[in-house]
Amino acid sequence: RWFQAAVSQPQPNKTFVGQTASLSGNRGSDSDVAAILDAAGKNSPWQQDALQGLAEGLNASQAKAQAHPLAVAAVTRLLGSLRGESGEAALRIASALNANPKTLMTTAAATADNNSASSADRVHAVGILGLGGAGAVAKYLAPQYPSDLRLAAARAAARAKGDDAVKVFVQNFR
C-alpha cells in the first residue's frame with residue numbers, strides 16, 4: 001500500500017519509493033513483490049530506485065525460502081528488457097527469488113555466445129545465465145572472451161549461492 005501511494009503522486013519522491021519497495025521486499029509477500037515489479041516495468045522515472053530497494057529488501061528478508069511464483073514471473077518479464085543499473089537490480093531480485101526460468105536461460109545462452117550481438121546484450125545475457133549458478137557462466141571467464149564478458153561472468157559467479165562459485169574461481173584463476 002505504501003509503495004502504491006508513493007508512486008501515485010504526481011512527482012514521486014524516488015528515495016521514498018525505494019524505501020517502500022525495500023520494506024515490501026523484506027516482508028516477502030509474493031503478490032506485493034510482483035506488483036512492484038509490474039509497476040517498475042513501465043519505465044518510470046523511479047524504476048531504478050524501486051528495483052534497487054526491492055532487491056535490498058528481498059536480500060535482507062527471511063522470506064527468501066518461500067515460493068514466489070508471481071514475483072518470479074514478473075521478474076522474468078523484466079529481465080529480457082532491462083539493462084544497466086536497473087537490469088543489475090533485476091538480476092539481484094531474480095537471484096534472491098531463486099528464479100531460474102528455463103526459456104530465458106536458453107535465450108540468454110544464445111545471446112551470450114553470439115559474437116554479433118551487442119556487448120551490452122551479451123553482458124546482460126551472462127548475468128541472466130548466472131541465475132543458473134556459477135558453473136553456468138564459468139566458460140565466460142576464459143581469456144578468449146572480451147573483458148566485459150569476463151567481468152560479467154565473475155559478478156554472476158559471485159552472486160551464486162553455495163560453494164559452486166569458489167570452485168569456479170579457483171579453476172579459472174590459478
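Look up: the structure comes first, before these words.
Please read these numbers as outputs of a predicted model, since none were measured by experiment.

## Notes on the nonpolar core
Line of reasoning, step 1. Counting 56 residues, the largest nonpolar core has Phe3, Leu37, Val75, Leu79, Ile93 and Tyr140 as the members making the most contacts within it.
Line of reasoning, step 2. Apart from the residues lying within four places of it in its own chain, the contact partners of Leu37 are Leu51, Leu54, Ala71, Ala74, Val75, Leu78 and Ile93.

## Quick word on the pattern of salt bridges
Opposite charge on two side chains permits them to pair, given that their charged atoms come into close proximity.
Line of reasoning, step 1. All chains considered together, the criterion is met by five salt bridges.
Line of reasoning, step 2. In this structure, the salt-bridge partner of Asp38 is Arg77, at a minimum N-O distance of 2.7 Å. One end of the pair, Asp38, is in helix α3 (residues 30-40); the other, Arg77, is in helix α5 (residues 69-79), and 39 residues separate them in sequence.
Line of reasoning, step 3. On the basis of relative accessibility, which here comes to 34%, the residue Asp38 falls in the partly exposed class.

## As for helix α8 (residues 119-129)
Counting along an α-helix, one turn takes 3.6 residues, and residues three or four places apart therefore face a common direction.
Line of reasoning, step 1. Looking only at α8, the buried set comprises Arg122, His124, Ala125, Val126, Gly127, Ile128 and Leu129.
Line of reasoning, step 2. Buried residues along α8 sit in contact with α5, α6 (84-96), α7 (102-113) and α9 (147-159).

## Remarks on the side chain of Ser24
Line of reasoning, step 1. Looking at where Ser24 falls in the secondary structure, it is placed in helix α2 (residues 14-27).
Line of reasoning, step 2. Looking at Ser24, the relative accessible area reads 12%, which means it is buried.
Line of reasoning, step 3. With near-sequence residues (within four places) excluded, Ser24 lies in contact with Ser29, Val33 and Ile36.

## A look at the packing of α7 against α8
Line of reasoning, step 1. At a minimum axis distance of 8 Å, the contact between α7 and α8 shows a crossing angle of 140°. Relative to α8, α7 is oriented oblique. Judged by the sense of rotation from one axis to the other, the crossing of α7 with α8 is left-handed. Contacts between α7 and α8 pair Leu104, Met105, Ala108, Ala109, Thr111, Ala112 and Asp113 from the former with Asp121, Arg122, Ala125, Val126, Ile128 and Leu129 from the latter.

Criteria and thresholds
Starting from 1, residues in each chain are numbered consecutively following that chain's sequence as written. Local features are withheld for residues below a pLDDT of 70 in this predicted model, meaning they are given only at 70 or higher, and side-chain atom pairs are given and counted only at 80 or more; totals for whole chains, interfaces and linings count all residues. Each side-chain value is worked out from all heavy atoms of the structure, with water and hydrogens disregarded. Side-chain atoms within 4.5 Å are what join buried Ala, Val, Leu, Ile, Met, Phe, Trp, Tyr and Cys residues into a set we call a nonpolar core. With a 1.4 Å probe rolled over the protein chains alone, any residue whose accessible area is under 20% of its type maximum counts as buried; one over 50% counts as exposed, and the rest are partly exposed. When checking whether two residues touch, look at their non-hydrogen atoms; a contact exists if any pair is within 4.5 Å. Salt bridges are identified by distance alone: a Lys or Arg side-chain nitrogen within 4 Å of an Asp or Glu carboxyl oxygen. Going along the chain from the N terminus, every DSSP run of H or I of four or more residues is numbered as a helix, and every run of E of two or more is numbered as a strand. Axes here mean lines fitted to C-alpha atoms, for a helix over just the part in contact, with angles spanning 0 to 180 degrees between N-to-C directions. Roughly parallel covers angles under 35 degrees, roughly antiparallel covers those over 145, roughly perpendicular covers 65 to 115, and oblique covers all other angles. For any helix crossing, the convention is left-handed if the near helix is rotated counterclockwise from the far helix by under a right angle, and right-handed if that rotation is clockwise.

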